[in-house]
Each structure stands twice: as structure tokens, then as C-alpha cells.
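Observations on the three-dimensional arrangement
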Amino acid sequence: MPVAVSEPDCLFCKIAAGKVPADIVREGERTLAFRDINPQAPVHVLIIPRDHYPTAAAAGAAGEGLLDEIAREAHEIAEAGGVAEGGYRLVFNTGADAGQTVFHLHGHVLGGRGLEWPPG
């Protein structure tokens with residue numbers, strides 16, 4: 001179960017509710033995908049759940065298959081963006097030390113250029 005269906009001050013909850021504009025790429029019953037406003041690769045799309053989960057860990061603990069659904073959506077986005085065959089990265093930053101700045105679960109789909117390891 002989500003921590004809350006929506007948080008009034010959460011940017012991604014506002015995007016999911018249509019209160020803040022975004023360049024929408026895909027819409028599902030439980031997820032929404034949109035282009036990152038500061039892309040780090042030619043394909044850089046964020047996938048969020050419509051319900052509010054603060055982190056990937058919280059969504060995983062809920063045991064509702066949401067992370068599976070996000071992974072499937074990521075692959076569909078990679079295929080549509082022409083990067084599935086060459087490879088893409090799906091990243092979940094969990095916590096401030098990992099670089100999470102919006103505390104609403106979101107997966108970054110990145111592709112279209114070489115992605116070195118380890119990341120910066």
C-alpha cells in the first residue's frame with residue numbers, strides 16, 4: 001500500500017495529477033513517464049508511480065509489483081526511443097546520499113550514448 005495516494009507538496013504528485021505540465025511519453029494505469037527537464041543522455045525519461053512512494057525501497061516493501069511494472073515500462077520506452085538494442089540504463093536513486101532530490105519514487109531511463117561505469 002502506498003505511503004499516501006498523493007502528497008500535496010510533492011512535485012511528481014502534482015505532475016501525476018496534471019497540475020504541473022510535463023512532456024509525457026507514456027501513461028499507464030499506475031505509472032506515468034515523462035522527459036527529464038535536465039537530460040543527461042539523448043533519451044532521458046522518468047517513470048513514476050501515480051501513487052506516492054517516497055523511495056524504491058518503500059515501493060518494494062509494499063509488495064505490489066510496482067517495480068516490475070516500472071521495469072517493463074522502461075523497456076517499452078527504450079524500444080520507442082531506439083535504444084533498447086544498443087542498451088540503456090534504469091536508475092533508481094534512493095536517498096539523499098544517492099542523489100535523490102524528489103522524494104517520490106522515480107526511475108531514470110537513460111540511453112543513446114555510451115554510459116560509462118562507474119557513474120559519477
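Below is a short write-up of the structure. (Residues numbered from 1 in each chain as written. Predicted model: local features only at pLDDT ≥ 70, side-chain atom pairs only at ≥ 80, totals over all residues. Heavy atoms only, no water.)

Observations concerning the packing of aromatic side chains
For the record, the criterion: Only Phe, Tyr and Trp rings take part, Trp by its six-membered ring, and two of them pair if their centres are within 6.5 Å. Stacked means planes under 30 degrees apart, edge-to-face means over 60, and tilted covers everything else. Helix numbers and strand numbers start at the N terminus; a helix is a DSSP run of H or I with at least 4 residues, a strand a run of E with at least 2. Only protein chains enter the accessibility calculation, which uses a 1.4 Å probe; a residue whose area is less than 20% of its type maximum is buried, one above 50% is exposed, and one in between is partly exposed.
Summed over the entire model, instances satisfying the criterion amount to 1 aromatic pair. Where Phe12 meets Phe34, the ring centres are 5.6 Å apart and the plane angle is 75 degrees; that geometry is what we call edge-to-face. In this pair, Phe12 is assigned in helix α1 (residues 11-16) and Phe34 in strand β2 (residues 31-35), connecting sequence segments 22 residues apart. Since its relative accessible area comes to 5%, Phe12 is described here as buried.

Some details on the pairing of strand β3 (residues 43-49)
For the record, the criterion: A pair of strands is considered paired only if DSSP assigns at least 2 bridges between the two.
Most of β3 is tucked away: 7 of the 7 residues are buried. Residues of β3 alternate between two faces, with Val43, Val45, Ile47 and Pro49 on one and His44, Leu46 and Ile48 on the opposite face, all of them buried. Bridge analysis of β2 against β3 gives 5 bridges, and the strand direction is antiparallel. Note that in β3 the partner of Arg35 across the bridge is Val45. In this sheet, strand β5 (residues 107-111) lies alongside β3 in antiparallel orientation, the contact comprising 5 bridges. For Leu46, the partnering residue across the bridge sits in β5 and is His108.

Comments concerning the layout of surface pockets
Rules: For each structure, a 1 Å grid was placed over the protein atoms alone; sets of points admitting a 1.4 Å probe that cannot get out are labelled cavities, open sets with protein on both sides within 12 Å along at least five of seven lines are labelled pockets, and lining residues have an atom within 4 Å of a point. Grid points are joined across faces, edges and corners, and a volume is the space filled by probe spheres set on the points. In this count, Pro and Cys sit with the nonpolar residues alongside Ala, Val, Leu, Ile, Met, Phe, Trp and Tyr, while Asp, Glu, Lys and Arg are called charged and the others, Gly among them, polar.
In this structure, the largest pocket spans a volume of roughly 660 Å³. Asp36, Gln40, His44, Asn93 and His108 are, among the 31 residues lining the largest pocket, the residues nearest its centre. The set of elements that each furnish at least two residues to the lining of the largest pocket consists of α1, β2, β3, β4 (88-91) and β5. In terms of residue count, α1 provides more of the lining of the largest pocket than any other element does, 3 residues in total. Considered class by class, the residues forming the lining of the largest pocket number 15 nonpolar, 10 polar and 6 charged.

Interpretation note: all reported values are geometric properties and have no functional meaning in isolation.
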